[in-house]
Amino acid sequence: MLGWLSSSPPAAVSSNLRQQAWSGVILAVILALTGSTPPASGQAVQGGSISGTVTDQATGAPLQSICVFAHQVDPGVSTDASGTFTVGELPSGMYKVGFFDECDGSINYMSEWHNDKPDFDSADPISVAEGETVSGVDAALNQPGSISGTVIDELTGAPLEGMCVFARDPA
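First, a word on what this report is: a plain description of the structure on this page. These numbers were taken from a predicted model, which means no experiment stands behind them. (Residues numbered from 1 in each chain as written. Predicted model: local features only at pLDDT ≥ 70, side-chain atom pairs only at ≥ 80, totals over all residues. Heavy atoms only, no water.)

A separate point is the overall build of the chain. Per the secondary structure count, the chain includes one helix and ten strands. Secondary structure elements in the chain, listed N-terminal to C-terminal, are α-β-β-β-β-β-β-β-β-β-β. Of all 171 residues assigned to the chain, the portion counted as buried reaches 25%. Excluding contacts between residues fewer than 6 apart, the proportion of contacts in the chain whose partners are at least 24 apart in sequence is 59%. Looking at the chain as shown, the accessible area adds up to about 11,600 Å², and 54% of this sits on carbon and sulfur atoms. (Helix = DSSP H or I, 4+ residues; strand = E, 2+ residues; numbered from the N terminus. Buried < 20%, exposed > 50% of the residue type's maximum accessible area, 1.4 Å probe, protein only. Contact = heavy atoms within 4.5 Å. Areas by Shrake-Rupley, 256 points an atom, 1.4 Å probe, with all protein chains shown as cover.)

What follows is the structure, encoded as structure tokens:
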């Protein structure tokens, strides 16, 4: 049916029409993979949402400008001055939520995934139904630790300048 999309299109097919056709193909693939159906013509899309608060693990203080992503939703949102966020207009489905201190360009806190998980694979999924708000998806972020010391010459005990030091996970 749309075999010409993978090769040179007929001269009569405009660039705009090709883009519309590709958009339709991409939407059909997404809907097939997610098991979703598009809303009926003229029907408003009523999505669900995920909300919560992000705080400092040590102090409990709210954290502003933390990026919050519900996996497969682009873009994410940023926490406000009270540390709260809402990711809205989500289609029904399962989402993994990540918290990243990168929204304002600085990284003062370690990233994590919902329910205190270190990575996407171990994150607990959150089920969202149409029109539902899932609240209490909170995170308490830790500040990263550090290692310090002095590199010395083994024979003289004199400190050495310009040495590169690496810390690696023993695993």
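Text resumes after the structure shown.
This next bit is on the sheet that holds strand 7 (residues 112–113). Spatial strand order, 3-2-6-7: four strands in an open sheet with antiparallel pairing. Looking at which strands have only one partner, the edges of the open sheet turn out to be strand 3 (77–78) and strand 7. Both strand 2 (residues 67–70) and strand 6 (residues 97–100) contribute to a ladder of four bridges, which runs antiparallel. Bridge pairing links Ala 70 to Val 97 in strand 6. (Pairing = 2+ DSSP bridges.)

Here we take up a nonpolar patch on the surface. A contiguous nonpolar surface patch, about 340 Å² in accessible area, is contributed by Val 151, Leu 160, Met 163 and Val 165. Among the secondary structure elements, Val 165 is positioned in the segment after strand 10 (139–141). Residue Val 165 is classed as exposed on the basis of its relative accessible area of 65%. (Patch = residues over 30% accessible without salt bridge, like charges linked within 9 Å, V, L, I, M, F, W, Y side chains within 5 Å. Salt bridge = Lys/Arg side-chain N within 4 Å of Asp/Glu carboxyl O.)

What follows deals with the environment of Val 68. Tracing the sequence through the fold places Val 68 in strand 2. By relative accessible area, which is 0% here, Val 68 ends up buried. Through-space distance from the C-alpha of Val 68 to that of Trp 113 is 9.4 Å; in sequence the pair is 45 residues apart. Beyond its immediate sequence surroundings of up to four residues, Val 68 is in contact with Val 54, Gly 76, Val 77, Thr 79, Phe 85, Val 87, Val 97, Gly 98 and Phe 99.

For the rest of this paragraph, the subject is the packing of aromatic side chains. The full count for this structure, using the stated rule, is four aromatic pairs. Measuring from ring centre to ring centre gives 5.5 Å for Phe 100 and Trp 113, while their planes differ by 85°; the resulting arrangement is edge-to-face. Pair noted here: Phe 100 is in strand 6 and Trp 113 is in strand 7, with a separation of 13 residues, a long-range link. Ring centres 5.4 Å apart and planes at 80° place the aromatic pair Trp 113 and Phe 120 in the edge-to-face group. By relative accessible area, which is 13% here, Trp 113 ends up buried. (Phe/Tyr/Trp six-rings, centres within 6.5 Å; stacked < 30°, edge-to-face > 60°.)

It is worth spelling out unusual backbone geometry at this point. Phi angles above zero are rare outside glycine, and Glu 89 is one such case at about 55°. Mapped onto the elements of the fold, Glu 89 is located in strand 4 (residues 84–90). Glu 89 gets classed as exposed once you look at its relative accessible area, which sits at 58%.

Turning next to the nonpolar core. Ile 50, Val 54, Phe 85, Val 97, Phe 99, Val 137 and Leu 141 are the most contacted members of the largest nonpolar core, which has 19 residues in total. When contributions to this core are tallied by element, the ones reaching two or more residues are strand 1 (48–56), strand 2, strand 4, strand 6, strand 8 (126–128) and strand 10. (Core = buried A, V, L, I, M, F, W, Y, C linked by side-chain atoms within 4.5 Å.)

Summed over all chains, the structure comprises one salt bridge. Here Asp 124 makes a salt bridge to Lys 117, at a shortest N to O gap of 3.9 Å.

Considering the arrangement of structural elements, one finds Ser 51 in strand 1. Note: C-alpha distance between Ser 51 and Val 137 (86 residues apart in sequence) is 5.9 Å. Leave out the neighbours within four places in its chain, and Ser 51 touches Phe 85, Thr 86, Thr 133, Val 134, Ser 135, Gly 136 and Val 137.

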